[in-house]
Structures are given as C-alpha cells and as structure tokens.
Amino acid sequence: MRDCSVGVYVHVPFCGRVCPYCDFAVVAVGSLDPGVESRYVDALVRELEARAAEYAGRSLASLYLGGGTPSLLTPANVARIGRAVHAAFSRGRSAEFTLEVNPSTLERSRLGAFREADVSRVSIGVQSFDDVMLRKLGRAHRAEAAVATLDACRAAGFDSLSIDLIFAGPGQTETALERDLDLALSFEPEHLSTYELTIEPETPFALAHSRGQLDLPSEDRSLEMLARVEARLVAAGLRRYEISNYARPGFEAVHNRRYWERRPVLGLGMGAFSTLPSDPGAPFGRRRSNSRSLATYLDRIESGRSGATEPDEVFDAPTARGEAVFLALRGSNGLDAAEFAAEFGKTPRAFFGASIDKLLSLGLLEERATGSLRLTGRGRAFADSVFAEFVA
C-alpha cells in the first residue's frame, strides 16, 4: 500500500556543551544567543517552504524536534516551527509532536509553555540517575535535575513521556544499572529507550578508548546487562518493539518507526537527513543530507540554495534490498517475506540465502515457514554482526 503520509524531522544543533561520546552534528554554544536562534529558525522555515512540494499531498504523521538540544529554543520558536509544518501539510488525525529535552533548570521552566505550543510527547535525555556515571559520560546535569525534570513533565500535563538511558558505560556495575532502572520505572514512562554505550570514531571517547583510558564492561557483562534491561522493562509492562526501544501498548514512537519502515521523512536543518519518496528516476527512493556546518547551512539556505552540499543518494536495488532487510529486523515483528517479495520481485532467501543459512546456524536468526525472518534473542545482542550480512 502506498504511504501517503510524511514525517518531519527538525534538527536543532545547539548544545550547552558536547558530550564526549557524541558524533551528532552539534554546536557548543553555552547559552543560545537570541540572534543566532532567530536566524536559525528563519532558515528552518525557509527550507520547509522550499521543500514541502517534494512531499506534496501527504498528511503529517509526525513532527520530531531533535538535536542537539531543541528545548534550548524558546517556546515561541517551537510553536512557530509547529505552525509552519502544520501549514505545509494536512495534519493527520493524531500527528505526534515530539520534543527532546535535557534536564536543566532553563528547559524545565519552559515545559508548560512547550505543552501549550502543541508538543504532545517529550523525550528526556536522562542517560543515568547516577552522578558518578553522569560525570564520566560528560553530561552537564546531575541526577537531582533529571528527577525534577521528569516530575515537571508530568505536572505540565504530558501523558507521553520517553526516557533515554545509557548502559554499559565506564565503570558501571550491575547494581548501578538496577538503580537506574528502578528510578526510571518509578516515573511510569510510556516509552523507554536504552542504548549500550557505543564508541563512535573521532570522538573524545574514541581517543580515550584507544589509549586504554575507558573502563568499559566486558562483552559478557554487557550482554548480561542487556538481558537484565529487557527482563526488567518487560516485567514492568513495556514491550520491546525495536532493538533499543520499549513502550506501553499504543505509545510506540510514530516518528522513529518511519525510519525502520522506510517511510518518507523530510529532514530540516543543519546535518538533517531526508528520505524522499520514490519517483521514476529513483524507484527505490533517495536520501538527502544537509551540510553539517552551521555556517554553510545558513549561507546556502539564506541564498536560496539547498542545505545539501552533495547530490542525493539514489538507492539502487541491491542497496534498497539490504536496507529493507536490516531495518525490518530491528523491529520485533521482523521482516515480512511477502511484503519484501512484492517490492523486490523475490523472497529474501532468493537474494540472501547463504547469509540466512549462516545466521540460522549461529542461532542469530529464525525463519518462519513463510520465509519471514526475525532476530533471536541472541541475534538482538549481536545485531550489528547480523546486519553486516545484508549490507553490500
């Protein structure tokens, strides 16, 4: 069935400071200058006006303000972005509007106004409730601020609350992980994302790791932590619907699922990615990425050009097939063989038979009689190795 909707992602790159594990397109600003903020929001609206026609006729399924720290924007500017997006697309029956928020006094004070600006869902970057771990992660906030922010979210009337946690961080013990889970679950979040700390290339953590300066858990301990996270969250009524994401029924992230299901997303702002609908010249769609330089992005938008400095990536059939497999495998339902065959002409086994057999023998994948595929519990723990089998 043709997807007649669109998700809009707005990247807000500004951060008080940059965490040492982060490889996102971000700019450390300390406090955000009102002139810089106004100029950036003007550029976002101008880019939206220039690009909305690429997604013409689609209803808005989701709007996601991510970063960076998008809650550094004033509520008036968040509302302005929301109005512009809703004006560009007919609004879906219950379009999800998510704002990422970091625990801080400034952002906490704005929660009520964000709710009035039509934000329906907040994602709180807690990462840990342990002050020692927060310092090791380079986070600016402390556990007390996280607790206060979560309380304030409920007081402001948000009934869709997502918490981000990092586990297997430097020096983290199983006891510390249990405390993080206890506190997170005490707020009864509708959604919880848990990420094993990943050492990204060319970050301060990558340098420290290469020098042996990071006390990270062993692979076996990390796997034990992963199993503990799943057991605790499932027991609390949160279903694991994607490798790193858990939700109560009906609270799965509408926007994030668009990426895993390969649905169109319009990305606005510095460093934002877009997935464009298919067309005769790109039957499997295309991807566009904006410049990761703030100065370049602003200059290009203000001069009437695209925010992208490179040509679109047009998906060929092998690339699209590989992405279709590994993105679907991220979800708990796995890859539907009939849907895959409807798009690509043959079942997954016709293209990836040897890899499927290898992963079955290793206990990382299960195959149903229909040819549909799903990760096993062990496969989820080694998902990156599984996905590598399908990427050319």
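Residues numbered from 1 in each chain as written. Predicted model: local features only at pLDDT ≥ 70, side-chain atom pairs only at ≥ 80, totals over all residues. Heavy atoms only, no water.

**Q** Help me out: how do you make sense of the pairing of strand β6 (residues 121–127) in this one?
**A** Within a regular strand, side chains alternate between the sheet's two faces. Within β6, seven of the seven residues are buried, which leaves it mostly tucked inside the rest of the structure. Of the two faces of β6, the one lined by Arg121, Ser123, Gly125 and Gln127 and the one lined by Val122, Ile124 and Val126 are each fully buried. The pairing of β6 with strand β7 (residues 161–167) spans four bridges and is parallel. By the bridge assignment, Val122 is partnered in β7 with Leu161. (Buried < 20%, exposed > 50% of the residue type's maximum accessible area, 1.4 Å probe, protein only. Helix = DSSP H or I, 4+ residues; strand = E, 2+ residues; numbered from the N terminus. Pairing = 2+ DSSP bridges.)

**Q** Would you mind going over helix α2 (residues 75–88) with me for this structure?
**A** Structural remark: α-helix, 3.6 residues per turn; residues separated by three or four positions point the same way. For α2, with 14 residues, the first-to-last C-alpha span of 20 Å sits near the 20 Å given by 1.5 Å per residue. Of the positions making up α2, those classed as buried are Pro75, Asn77, Val78, Ala79, Ile81, Gly82, Ala84 and Val85. (Expected span 1.5 Å × (residues − 1).)

**Q** Help me out: how do you make sense of the environment of Ile243 in this one?
**A** Looking at the secondary structure, you find Ile243 in the loop between β9 (239–242) and β10 (245–247). For the pair Ile243 and Arg179, spaced 64 residues apart in sequence, the C-alpha to C-alpha distance is 22 Å. Setting aside its immediate chain neighbours within four residues, Ile243 contacts Arg330, Leu375, Ala383 and Phe387. (Contact = heavy atoms within 4.5 Å.)

**Q** For this particular structure, what's the right way to read the environment of Asp159?
**A** Summarising the element assignment, Asp159 is placed in the loop between α6 (143–155) and β7. With relative accessibility at 52%, the residue Asp159 sits in the exposed group. For the pair Asp159 and Pro189, spaced 30 residues apart in the sequence, the C-alpha separation amounts to 8.7 Å. Discounting chain neighbours no more than four positions away, the residues touching Asp159 are Arg154, Glu190 and Phe251.

**Q** Help me out: how do you make sense of a negative patch on the surface in this one?
**A** A cluster of like negative charges, contributed by Glu196, Glu219, Asp220 and Glu224, occupies part of the molecular surface. Looking at the negative patch, the element that brings in the most residues is helix α9 (residues 219–235), giving three residues. (Patch = residues over 30% accessible without salt bridge, like charges linked within 9 Å, V, L, I, M, F, W, Y side chains within 5 Å. Areas by Shrake-Rupley, 256 points an atom, 1.4 Å probe, with all protein chains shown as cover. Salt bridge = Lys/Arg side-chain N within 4 Å of Asp/Glu carboxyl O. Lys, Arg positive; Asp, Glu negative; His and termini not counted. Charge placed at Lys NZ, Arg CZ, Asp CG, Glu CD.)

**Q** Would you mind going over the packing of aromatic side chains with me for this structure?
**A** In this description, an aromatic ring pair is defined by two values, namely the gap between the centres and the angle between the planes. Throughout the structure, instances matching the rule amount to 11 aromatic pairs. A ring pair is formed by Phe352 and Phe390, whose centres lie 5.2 Å apart and whose planes are at 80°; its orientation type is edge-to-face. Linking Phe352 in helix α14 (residues 348–361) with Phe390 in the segment after α16 (383–388), this pair joins segments that are 38 residues apart in sequence. Phe390 carries the same exposure label as Phe352, and that label is buried. A network of ring pairs unites the aromatic residues Phe284, Phe340, Phe344, Phe351, Phe352 and Phe390 as a single cluster. (Phe/Tyr/Trp six-rings, centres within 6.5 Å; stacked < 30°, edge-to-face > 60°.)

**Q** Quick question: what am I supposed to make of the packing of helix α1 (residues 34–51) against α2 here?
**A** Angle between the axes and distance between the axes are the two parameters that describe a pair of packed helices. For the pair α1 and α2, the least separation of the axes is 10 Å and the interaxial angle reads 5°. Judged by the angle between their axes, α1 and α2 are roughly parallel. Contact with α1, carried on its side by Glu37, Val41, Asp42, Leu44, Val45 and Leu48, involves Asn77, Arg80, Ile81, Ala84, Val85 and Ala88 of α2 and no other residues of that element. Taken together, the residues of the contact of α1 with α2 sort by class into eight nonpolar, one polar and three charged. (Axes fitted to C-alpha atoms, helices over the stretch in contact; angles between N-to-C directions. Parallel < 35°, antiparallel > 145°, perpendicular 65-115°, else oblique. Nonpolar A, V, L, I, M, F, W, Y, C, P; charged D, E, K, R; others polar.)

**Q** Even after reading the chapter, I still don't get empty space enclosed by the protein, so can you show me in this structure?
**A** Within the structure shown, the criterion is met by one cavity of 30 Å³ or more. Taken as a whole, the largest cavity spans an internal volume of roughly 30 Å³. For the largest cavity, the full set of lining residues is Leu44, Val45, Leu48, Ile81, Ala84, Val85 and Leu268. Among the secondary structure elements, those contributing two or more residues to the lining of the largest cavity are α1 and α2. Each residue belonging to the lining of the largest cavity can be placed in one class, and the counts come to seven nonpolar, no polar and no charged. (1 Å grid on protein atoms, 1.4 Å probe; cavity = no way out; pocket = protein on both sides within 12 Å on 5 of 7 lines; lining within 4 Å. Points joined across faces, edges and corners; volume = space filled by probe spheres on them.)

Nothing here speaks to function; it is all geometry.
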